[in-house]
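Notes for the structure review
This is what each chain is made of:
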Amino acid sequence: MKPAYFTRILTLSALGLMVTPSSYATDITRGKILASTCFACHGTDGRSSGSIPSIYGYPVETLYRNMKSFQDGTRPATVMGRHAKGYTDEEIKLIAEYLSNIR
Amino acid sequence: MKTLNRREFIGLLGAGSAVTLFGTAGCAITPSGKARGAHIVIVGGGPGGSTAAKYLKRYAPETRVTLIEPNRRFTTCFGSNWVLGGISTMADITHGYDALHSRHGVEIVHDNVTGIDSATRRVTLAGGDSLAYDRLVVSPGIDFRFDELEGFSAQAAETMPHAWKAGAQTELLQRQLRAMPDGGTFIMVAPGNPFRCPPGPYERAGMIAHYFKTHKPRSKILILDSKDKFSKQGLFMDGWKERYGDMIEWVPGTQGGNVESVDVASRTLYSQSGFTSFKGDVVNLIPRQRAGAIAQTSGLADESGWCPVNQLTFESTLHKGVYVIGDASIAGAMPKSGHSANSQGKLVAAAITLDLLDQPMEKPSHVNTCYSLIAPDYGISVAAVYRYQDGSIQSVKGAGGVSPAEATADFRLQEARYTRGWYQSITEDIWG
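Everything numeric in this text was worked out from a predicted model, so none of it was measured. (Residues numbered from 1 in each chain as written. Chains lettered and ligands numbered in written order. Predicted model: local features only at pLDDT ≥ 70, side-chain atom pairs only at ≥ 80, totals over all residues.)

A word on the overall build of chain A
From N to C terminus, chain A includes 6 helices and 0 strands. Relative to its full complement of 103 residues, chain A shows a buried share of 46%. Sequence-distant contacts in chain A: of pairs separated by 6 or more residues, those separated by 24 or more amount to 60%. (Helix = DSSP H or I, 4+ residues; strand = E, 2+ residues; numbered from the N terminus. Buried ≥ 20, exposed ≤ 12 C-beta atoms within 10 Å, placed from the backbone. Contact = placed C-beta atoms within 7 Å.)

Re the overall build of chain B
Along its length, chain B carries 11 helices and 25 strands. The 432 residues of chain B split such that 50% are buried. Summarising the internal contacts of chain B: among those between residues at least 6 apart in sequence, 69% fall at separations of at least 24.

Focus on unusual backbone geometry
In this structure, proline 194 of chain B follows asparagine 193 of chain B across a cis peptide bond, with omega equal to -10 degrees. Of note, the phi angle at aspartate 45 of chain A is positive, near 60 degrees, even though the residue is not glycine. Its place among the elements puts aspartate 45 of chain A in the loop between α3 (39-42) and α4 (60-71).

A few points about the packing of α4 of chain A against helix α6 (residues 89-100) of chain A
All names here are of chain A. Where α4 meets α6, the closest approach of the two axes is 8 Å, and the angle between their N-to-C directions is 140 degrees. Classified by the angle between their axes, α4 and α6 sit oblique to one another. Every pair of crossing elements has a handedness; the one defined by α4 and α6 is right-handed. Here α4 contributes Val60, Leu63, Tyr64, Met67 and Lys68 to the contact with α6, which in turn contributes Ile92, Lys93, Ala96, Glu97, Leu99 and Ser100. Of the residues belonging to the contact of α4 with α6, the class tally is 7 nonpolar, 1 polar and 3 charged. (Axes fitted to C-alpha atoms, helices over the stretch in contact; angles between N-to-C directions. Parallel < 35°, antiparallel > 145°, perpendicular 65-115°, else oblique. Left-handed = near helix turned anticlockwise from the far one by under 90°. Nonpolar A, V, L, I, M, F, W, Y, C, P; charged D, E, K, R; others polar.)

Remarks on helix α6 (residues 168-179) of chain B
Residue and element names in this part refer to chain B. The end-to-end C-alpha distance of α6, which contains 12 residues, comes to 17 Å, matching closely the 16 Å that a straight helix rising 1.5 Å per residue would cover. Buried within α6 we find Thr170, Leu173, Gln174 and Leu177. Looking straight down α6, one finds its buried side chains confined to an arc of 100 degrees; they lie on one side. In α6, the exposed positions that point more than 90 degrees away from the buried face belong to Arg175 and Ala179. On its buried side, α6 packs onto α4 (80-84), β11 (185-190), α7 (200-215) and β17 (282-285). (Expected span 1.5 Å × (residues − 1). Arc of directions from axis to C-beta.)

What to know about the pairing of strand β24 (residues 392-395) of chain B
Within a regular strand, side chains alternate between the sheet's two faces. Residues and elements named next belong to chain B. As paired strands, strand β23 (residues 378-389) and β24 are joined by 4 bridges and run antiparallel to one another. The partner of tyrosine 386 across the bridge, within β24, is serine 395. Where β23 folds back onto β24 in an antiparallel hairpin, the turn is made up of 2 residues, including aspartate 390, whose phi is positive at roughly 50 degrees. (Pairing = 2+ DSSP bridges.)

Quick notes on the sheet that holds strand β2 (residues 64-68) of chain B
Working definition: the strands of a sheet are paired by backbone hydrogen bonds and lie parallel or antiparallel to each other. Residues and elements named next belong to chain B. Sheet architecture is open: 5 strands sit in the order β5-β2-β1-β9-β20, paired in parallel fashion. Every interior strand has two partners, whereas the edge strands, β5 (107-109) and β20 (322-324), have only one. Direction aside, neighbouring strands of the sheet carry axes that sit 20 degrees apart on average. Bridging between strand β1 (residues 39-43) and strand β9 (residues 135-138) involves 4 bridges; their strand directions are parallel. Paired with valine 43 across the strands is valine 138, a residue of β9. Packing against the sheet, helix α3 (residues 47-59) makes contact with β1, β2 and β9, and its axis sits at approximately 165 degrees to β2.

Some remarks on the sheet that holds strand β16 (residues 276-279) of chain B
All names here are of chain B. Strand order across the open sheet formed by 3 strands is β14-β15-β16, with antiparallel pairing between neighbours. Edge positions in the sheet fall to β14 (259-263) and β16, since each has one partner strand and no second. If you compare each strand with its neighbour and ignore which way they point, the axes differ by 25 degrees on average. The sheet contact formed by β14 and strand β15 (residues 268-271) spans 4 bridges and is antiparallel. Note that in β15 the partner of valine 262 across the bridge is leucine 269.

Quick word on α3 of chain B
Counted at 1.5 Å a residue, the expected span for α3 of chain B with its 13 residues is 18 Å, and the 18 Å between its end C-alpha atoms agrees. In terms of residue burial, α3 of chain B counts as a mostly covered element, since 13 of its 13 residues are buried.

Some remarks on the confidence of the model for chain B
Residue and element names in this part refer to chain B. Taken as a whole, chain B shows an average pLDDT of 92; of its residues, 92% reach a score of 70 or greater. Throughout residues 1-31 the model reports pLDDT below 50, and contacts reaching past four residues in sequence, or to other chains, amount to 52 contacts. Reported confidences for the modelled complex are a pTM of 0.89 and an ipTM of 0.88. (pLDDT = per-residue confidence, 0-100.)

So, the packing of α3 of chain B against helix α11 (residues 409-431) of chain B
All names here are of chain B. Interaxial distance between α3 and α11 falls to 7 Å at its minimum, and their mutual angle equals 60 degrees. The angle between the axes of α3 and α11 places the two elements in the oblique class. The residues of α11 that touch α3, namely those facing Pro47, Ser50 and Thr51, are Asp429, Ile430 and Trp431. Of the residues that constitute the contact of α3 with α11, the class distribution is 3 nonpolar, 2 polar and 1 charged.

Quick word on the environment of serine 316 of chain B
Residue and element names in this part refer to chain B. Structurally, the position occupied by serine 316 is in the loop between β19 (307-308) and β20. Through-space distance from the C-alpha of serine 316 to that of asparagine 342 is 18 Å; in sequence the pair is 26 residues apart. Other than its neighbours up to four places away in sequence, serine 316 contacts Leu300, Cys307, Val309, Val322, Tyr323 and Val324.

Considering the confidence of the model for chain A
For chain A, per-residue confidence averages 82 on the pLDDT scale, and 75% of positions sit at 70 or higher. Overall, residues 1-25 of chain A carries pLDDT values under 50, and its contacts beyond four positions in sequence, including any with other chains, amount to 32 contacts.

A few points about the environment of serine 80 of chain B
Residue and element names in this part refer to chain B. Relative to the elements of secondary structure, serine 80 occurs in helix α4. A tally of 28 C-beta atoms within 10 Å means that serine 80 is categorised as buried. The sequence separation of serine 80 and tryptophan 164 amounts to 84 residues, and the corresponding C-alpha distance is 8.8 Å. Look past the residues within four positions of serine 80 in its chain and what remains in contact with it is Ile93, Ala163, Ala166 and Thr170.

Notes on the environment of methionine 67 of chain A
Residue and element names in this part refer to chain A. Looking at the element boundaries, methionine 67 is found in helix α4. Take methionine 67: there are 21 C-beta atoms within 10 Å of it, and that puts it in the buried class. Residues methionine 67 and glutamate 91, spaced 24 residues apart in sequence, show a C-alpha to C-alpha distance of 11 Å. When near neighbours in sequence (up to four residues on either side) are disregarded, methionine 67 contacts Ala84, Ile92 and Ala96.

Below you can see the structure in the form of structure tokens.
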């Protein structure tokens, strides 16, 4: 495992992106349910074999920043601006965190 | 496997166990033993049922999941317009169940379900067997209201194909289009709301125009519609004009487009109490629809012909322990589409897993993107994000919408590429 991982988690906490722990013990988390809707276009687990980019395993900050810039229009897109506007800041964090952890 | 809360997770990271943990983070971790041995039966191997089967095994691998589908291969209705346009083949849009079985451990039974008894929790099969279930997912797609149109019938669809369930009907319409002489008239009768794939009829018009432009440029396309507006209307009409000139004419319901009766033998359609008639060389009549047959016979549909569900979990409000997803369900603001069915399949997999674990359903969101091709290099889309709110699924305000009315050729080309990419990704997400 790359040592970058631990650093990344620390950075994440420092950014205040860490989410509240789930109050019950199942791995069907809100982040998992939210992120599963990305997979229709971006492939199961964010692995796309077609013309739509893969989105798994990127640093959480990258995924978060991309969604925010789609949302405010600073990053041009065909459809992602329309999707990104549908999520709250907390939801984008949950999705980014879930996708970043997929190897 | 033991489940971890966030604190333990981070603690273990610090202890240097990050490899194992992150290595499995994307896979299904067994939530607990509570769901062990539960049998979930899924009726229908289309986008909804197949997605539900795959994601149930991902979310709760200790459950037994059986998918019942009569056909050994499934041809998607989405993408079938591209076959009619001559830019895809039937093989491109046909999928098998091997990966669901071998990769995900879903048991596949090729049979028809003839009855559902929600009191004893059993389904009966045409082959004579019956199966006990703990939870049942029904994803039967659509059925046609053949008898609502005077002069029309299921038999008449062999002359005037609907091609709204892909397969033999798609091939029949394709043969008719190929046999039509240059200069002929193709008439499509678009269905009344609600129906499967709202932009579908209009994508079909553009794809057939592409075929005509290439092979029979003097031909004409007439769309007879009972409605006065349709999905992505402005984008479609601008695109048709730009690419096909006056080849496509759309006749709205209030201007004589509402077909009331047909004469099948002469391929003639009548509207305005018989005062207006249209004769086609090829007629594609897409009838009004309702939930698939098993939903009607098993009492899952209400008087509307569609299935009412709790829109948080998709459990039927008429039969406990039975979940209805996809086109057959009444899903608030979500359109009847393959993408919606895929989104609902994942949602129902999560809802059933949590229910088996006696845990509350997480607040879900859904998405839908309907891509349509006007030409092979000209794509448009409509997107939406949905949320469960006040008892129903509602679109998130300020999000979603259609492609811009003014866009460069490069933008339309990029959306055409994404249309194909979407097909590849979603079919892998469903059957891969």
